[in-house]
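Residue-level structure breakdown
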Amino acid sequence: MLGLMQSQPLLISSLIDFAARHHGDAQIVSRRVEGDIHRYTYRDLSARSKQLANAIEALGLAQGERVASLAWNGYRHMEMYFGVSGSGRVLHTINPRLHPDQIAWIVGHAEDRVLCFDTTFLPIVKAIHDKCPTVQKWVLLCDADKLPADTGIPGLCSYEDWIGGHSTDYIWPQFDENTASSLCYTSGTTGNPKAALYSHRSTTLHAYAAALPDVMGLSARDSVLPVVPMFHVNAWGVPYSAALTGAKVVFPGPALDGKSLYELMEAEGVTYAAGVPTIWQMLLGYMQPNGLRFSTLKRTVIGGSACPPAMITTFQDVFGVEVLHAWGMTEMSPLGTLCTLKNKHLELPADEKMKILQKQGRAIYGVDMKIVNELGQEQPWDGKSYGDLLVRGPWIIDSYFKGEGTPLVYDEQGRGWFPTGDVATIDADGFMQITDRSKDVIKSGGEWISSIDIENIAMAHPAVAMAACIGMFHPKWDERPIVAVALKAQAVLGREELLAFFEGKTAKWQIPDDVVFVDAIPLGATGKMLKTRLREMLAGYKLPGL
Ligand code: ADP
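Quick look at the structure, then. (Residues numbered from 1 in each chain as written. Predicted model: local features only at pLDDT ≥ 70, side-chain atom pairs only at ≥ 80, totals over all residues. Heavy atoms only, no water.)

1. Some thoughts on the pairing of strand β9 (residues 195-199)
For the record, the criterion: Type-normalised accessible area, obtained with a 1.4 Å probe on protein chains alone, sets the label of each residue: buried when under 20%, exposed when over 50%, and partly exposed for intermediate values. The way it works is that DSSP assigns letters per residue, a run of H or I at least four long becomes a helix, a run of E at least two long becomes a strand, and they are numbered from the N terminus. Any two strands are treated as partners once DSSP identifies two or more bridges connecting them.
In terms of burial, β9 is largely enclosed, as 4 of its 5 residues are buried. Pairing analysis gives 5 bridges linking strand β8 (residues 180-185) to β9, with the strands arranged antiparallel. Within β9, the residue paired with Tyr 185 across the bridge is Ala 195.

2. Describing the environment of Leu 338
As a reminder, the rule being used: Whether two residues touch is decided by their heavy atoms; if any such pair falls within 4.5 Å, the residues are in contact.
Within the secondary structure, Leu 338 sits in strand β15 (residues 335-338). Residues in contact with Leu 338, not counting those within four places in the same chain, are Asp 214, Val 215, Leu 324, His 325, Ala 326, Gln 360, Gly 361 and Arg 362.

3. Notes on empty space enclosed by the protein
Basically, it comes down to this: Two kinds of site are reported from a 1 Å grid over the protein atoms alone, namely cavities, where a 1.4 Å probe fits but cannot get out, and pockets, open sets with protein on both sides within 12 Å along at least five of seven lines, and residues are called lining when an atom falls within 4 Å of a point. Grid points are joined across faces, edges and corners, and a volume is the space filled by probe spheres set on the points. When residues are sorted by character, Ala, Val, Leu, Ile, Met, Phe, Trp, Tyr, Cys and Pro go into the nonpolar class, Asp, Glu, Lys and Arg into the charged class, and all the rest, Gly among them, into the polar class.
Under the defined criterion, the tally for this structure stands at 6 cavities of 30 Å³ or more. Quantified by volume, the largest cavity comes out at close to 170 Å³. Those elements giving two or more residues to the lining of the largest cavity turn out to be β1 (27-31) and α3 (75-86). A total of 3 residues in the lining of the largest cavity trace back to one element, the largest contributor, which is α3. Taken together, the residues of the lining of the largest cavity sort by class into 6 nonpolar, 6 polar and 5 charged.

4. Considerations on the nonpolar core
Defined as follows: Working definition of a nonpolar core: buried Ala, Val, Leu, Ile, Met, Phe, Trp, Tyr and Cys residues. They are joined through side-chain atoms within 4.5 Å.
Ranked by internal contacts, the top residues of the largest apolar core, which has 142 residues, are Tyr 42 and Trp 162. Listed in part, the 33 residues of the second largest apolar core include Met 459, Val 485, Ile 511 and Tyr 541.

5. Points about the pattern of salt bridges
Put simply, the rule reads: A pairing counts as a salt bridge when a side-chain nitrogen of Lys or Arg comes within 4 Å of a carboxyl oxygen of Asp or Glu.
Taken as a whole and judged by the stated rule, the model has 28 salt bridges. Across the pair Arg 39 and Glu 268 runs a salt bridge, and its minimum N-O distance is 2.8 Å. Here Arg 39, found in strand β2 (residues 37-41), pairs with Glu 268, found in the loop between α10 (258-267) and β12 (272-275); they are 229 residues apart in sequence, far enough to count as distant. Ionic pairing is found between Glu 263 and Lys 259, a salt bridge with its closest N-O pair at 3.0 Å. You can see Glu 263 and its partner Lys 259 sitting in helix α10, 4 residues apart, about one turn around the helix. A relative accessible area of 38% means that Glu 263 is categorised as partly exposed.

Written out as structure tokens, the structure reads:
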């Protein structure tokens, strides 16, 4: 017997309709590429998303065709989130930090028909447009009078010109909620990138889940600043969850340095922010020497790579800001776990709480997870046994876009699990902790060393700005860890002093064999440490004594 409830597809257009109707005057504030501040409301966002949808209809794009963006976080990009997907086309958010050849490859693979880009990325588009035969329309995200002449890009028009003549009346089409909505390629640190193709259903369910109190905990009283880019897994879903809750949104545009972020947060009363650890490193690096404090910021989600415990403590103890450590992947829309305490933990001493809060956290309803050994056998949730982390759920991929076969691993009940490539432990309370990416785990004498643990200790040293731990070949132990360290400006620290700092903080055999001082740790396209490049940098390196 079926239930007798209304059956309405979960569509992205319903989010913007809801925001316009119930939070019509809530603000969306953007720092533009030009440097000025743009301000409008969800009502305006809705109207302009509809203009964009009409412009796409006029172009004759079929349902499911791809419209791409190469853009910073801003209001026009948000209009694309709703106008493109809402009208039944697929929004392909491209990471502009990828190599131009890789961008051209991605555009061809996705068969993008329209590509909208910020002025910052004009040089990239100039370099690749003739290698992108699928693109029939190039659009510069700017005012009509800012369109430069003679770019050499055929038919280039300004976004305002493109949508300006179209009506703000548009009835969002209704279709199956499993219809594709958006496309996001992983960073492709090994080989060509692979893409997750999200659906309206997966995106909407993820938006609901992300807004829950133990997840992002967004509300209509928040002013949220997604520093995480809209080209990096849809800014972790913040634009959708913000529309769902009616939160004020503050977009930083291209100005991601500590000073610009701090000033924007203070000016716009930001209560909530989200970003990768390297961004917060820069923000704190600006605030601390200048003796600055937040007057409105209450919480920040930090994820994408392990958040060093020292950063959690600084935010909490020095700035009074709660850190929510989060873990996820492009293939998971991206949220999988978030770290918040349970009721029974509230009375624990501060250091016990901190031990929990530095973990990647508990699964969100909708995500099931398990750890398995190399034989695929499930490992106990005891906080010690580690294994490959597998996940399943309605916002986790089933297969890659144009992929061959499925990446899933099937259990005895025929249920498919996505192998994350991460190695983790899970404790009795369900708190998951990432040991490493499986390819980064250091195997020393048959035992594993977590590179994240070593980095966390090094980064707790006040002189260290960033640390990356990698394994180096050793004839007896297979691999031994070394730590590459970038120091804070004007800081002085010697090799022996840092190695001594590890004493008592980890088992003796896990202490790195050496310290290599570098000017900067190489970062990848999404702000994560790029260990492959670090290995290249240290190509001629030999462990001491070999
Ligand atoms: P890409 O794989 O393209 O770099 P993703 O953003 O999908 O981009 O990366 C997902 C991976 O990032 C995870 O599998 C995990 O290894 C790492 N990661 C994400 N969040 C965390 C975290 N909080 N702690 C440790 N690692 C993390």
